[in-house]
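Residue-level listing of the chains:
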Amino acid sequence: MSIGPDDTRPDDARPFGSRPLGSRPGITRAQCEALDAADPLAGFRADFTLPEKGVYLDGNSLGALPVRTAERVREVVEEEWGRELIRSWNDAGWFEQPYRLGGRIAPLVGAAAGQVVVCDTTSVNLFKVLAAALRLRPGRQTVLGDGAAFPTDLYIAEGVTSLVGGARSVLLPSTGAEELERHLDGDVAAVVLSHVDYRTGELLDMAAITAQVRAAGALMIWDVCHSVGALPVELDACGADFAVGCTYKYLNGGPGSPAFLYVAERHQGAAEQPLSGWFGHARPFAFEPAYAPTDGIGRFLTSSPSLLGQAALGAALDVWERADLRAVRAKSLALTDLFIALVEPLDGIEVVTPREHHRRGSQVALRHRDGYPVVQALIERGVIGDFRAPDLMRFGFTPLYVSYAQVWDAAQQLAEVLESGEWHEERFNRRGAVT
Ligand SMILES: *Cc1c(COP(=O)(O)O)cnc(C)c1O
């Protein structure tokens, strides 16, 4: 992946003036505290339950717990389920919940009403929309994906194409416009790309790529797992055909919380997905032997919603309802600018995330030869990031609950870990199942 030079366009103005901050002593913790005092999003910190001490920079992998979630889940368990029992399917609106939550996610991904539902997982939803896309392009049999994508997307593309005679999944060596052009021939039915790369944090140009793919007669499927809740996403305005995303990262829906999918309204009449379960049926409670898809986005549902997970997601979306995504984006860029400036001079560190704002999501990836034990040593010091093989340390910046002073602290701890060499210790070099 090519990482461009520092971009000095005027709209890339850094929060601390026109020059990079330079070495750590160039910016003080007090300056960061002043930024926190003026931060319009600072109040959101109180909406989350987080440890008193430490810095959580892994909200791009598992978002923090909203304060109201436990209460909301308890209500659903004790009242809706425990007391009202099966009546809640109607009385508590359980049946409509996938639509209602989808409608609440829609503004976060730039979708007009009726195009988003919450259901299943990202992988399962990708299976459904990709299969639907192939059916919408009969005669075309190639699915293009990014060879560096989050692997589940590639595995699902393999799985779907293996079921369709003659279909094949092709991995792009890069996502540049020329590379795409080389592969976008008359056989390409669909292209699946991540809006933000899970490893490097690179943000793709959704509008330009969607236009290029559609001009070639193919359908564009976006995976917005690493952009929803991190920056404004504009699926409708960009002309996307389909999208999938998860809710346990920036949206804070909770571990394994249900995912969502988007189908542009223009496809909803003709699109058919193969996981044709009863929840996508036009009359689920008629119990007819033959499948007949319902109208609209509902035909992409399969099964009974996981209502406890959906309850937790609902509580998380209450917080998002009050958040201005433009303010979130502005703070995200300021936090990542700050972190990059502070850690860039450190020995052995290479900043992999693009410097230009229009090419950056809300995480910073740092390459270090011994990234795994360095991250473990940081975690022991209370700075939680994660590691992605072979050598990338990832730090996610979630503007609703990460402060400027915490970014300064995290950079300071990283400097101390590297200077002390403590990461050489044996206990930091043992690997757990989840990195
Ligand atoms: C997190 C993530 C997923 C997660 O998939 P699940 O099926 O929900 O486990 C998929 N794709 C991308 C790009 C991700 O970042």
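Residues numbered from 1 in each chain as written. Predicted model: local features only at pLDDT ≥ 70, side-chain atom pairs only at ≥ 80, totals over all residues. Heavy atoms only, no water.

1. Digging into the side chain of aspartate 47
Condition: A run of H or I in DSSP becomes a helix once it reaches four residues, and a run of E becomes a strand once it reaches two; helices and strands are each numbered from the N terminus. Burial classes: relative accessible area under 20% of the type maximum marks a residue as buried, over 50% as exposed, and values in between as partly exposed (1.4 Å probe, protein chains only). Definition of a polar contact: a pair of N or O atoms within 3.5 Å, with one able to donate and the other able to accept a hydrogen when the atoms are protein atoms, and with sequence-neighbouring residues admitted only if both atoms are side-chain atoms. Residue contacts are counted whenever heavy atoms from the two residues lie within 4.5 Å of one another.
Within the secondary structure, aspartate 47 is located in the loop between helix 1 (29-37) and strand 1 (48-49). Residue classification places aspartate 47 among the buried positions, given a relative accessible area of 19%. In terms of polar contacts, aspartate 47 uses its side chain to reach the side chain of arginine 322, at 3.0 Å. The contact partners of aspartate 47, leaving out residues within four places of it in the chain, are Leu65, Pro66, Val67, Val319 and Arg322.

2. Details of the domain arrangement of the chain
What counts, and what does not: Domain boundaries shown here were taken from an automatic or database domain assignment. The term buried area refers to how much accessible surface (probe radius 1.4 Å) is lost by two components on association, counted for both of them together. Only one rule defines a salt bridge in this text: a Lys or Arg side-chain nitrogen within 4 Å of an Asp or Glu carboxyl oxygen. As a working rule, the residues Ala, Val, Leu, Ile, Met, Phe, Trp, Tyr, Cys and Pro are called nonpolar, Asp, Glu, Lys and Arg charged, and the rest polar, with Gly in that last group.
According to the domain assignment, the chain consists of domain 1 (11-65 + 324-429) and domain 2 (95-320). One C-alpha centre belongs to domain 1, the other to domain 2; they are set 30 Å apart. In this complex, domain 1 contributes 32 residues to the contact, which on the side of domain 2 involves 23 residues. Across the domain 1 to domain 2 interface the summed buried area is about 2100 Å²; carbon plus sulfur atoms make up 63%. Summed over the shared surface of domain 1 and domain 2, the number is one salt bridge. Between arginine 359 and glutamate 202 there is a salt bridge; the shortest N-O distance is 3.2 Å. Elements supplying a minimum of two residues to the side of domain 1 that touches domain 2: helix 12 (325-343), strand 12 (363-367) and strand 15 (392-396). For the side of domain 1 that touches domain 2, the leading source of residues is helix 12, giving four residues. Here the residues of the side of domain 1 that touches domain 2 sort into 14 nonpolar, twelve polar and six charged.

3. Section: the UniProt feature "modified residue: N6-(pyridoxal phosphate)lysine" (unreviewed entry) in the chain
Quick reminder of the rule: UniProt positions are given in the numbering used here, feature names are shortened, and annotations may be inferred rather than shown by experiment.
UniProt tags Lys249 as "modified residue: N6-(pyridoxal phosphate)lysine" (unreviewed entry). Within the secondary structure, lysine 249 sits in the loop between strand 9 (242-245) and strand 10 (260-263). With sequence-adjacent residues up to four places away left out, lysine 249 is seen in contact with Gly59, Asn60, Ser61, Leu62, Gly63, Cys225 and His226.

4. Looking at the sheet that holds strand 12
The criterion, for reference: Pairs of strands are assigned from DSSP output, requiring at least two bridges between the strands. All axes are obtained by fitting lines to C-alpha atoms, using only the stretch in contact for helices, and the reported angles, taken between N-to-C directions, cover 0 to 180 degrees.
Across the sheet, four strands lie side by side as 11-12-15-14; this open sheet has antiparallel pairing. At either margin of the open sheet sits one strand with a lone partner, and together these are strand 11 (350-351) and strand 14 (386-388). Pairing of strand 11 with strand 12, which is carried by two bridges, proceeds in the antiparallel orientation. Considered in strand 12, the bridge of glutamate 350 is made with arginine 367. Strand contacts of helix 12: strand 11, strand 12 and strand 15, with the helix running at about 20 degrees to strand 12, the strand carrying the most contacts.

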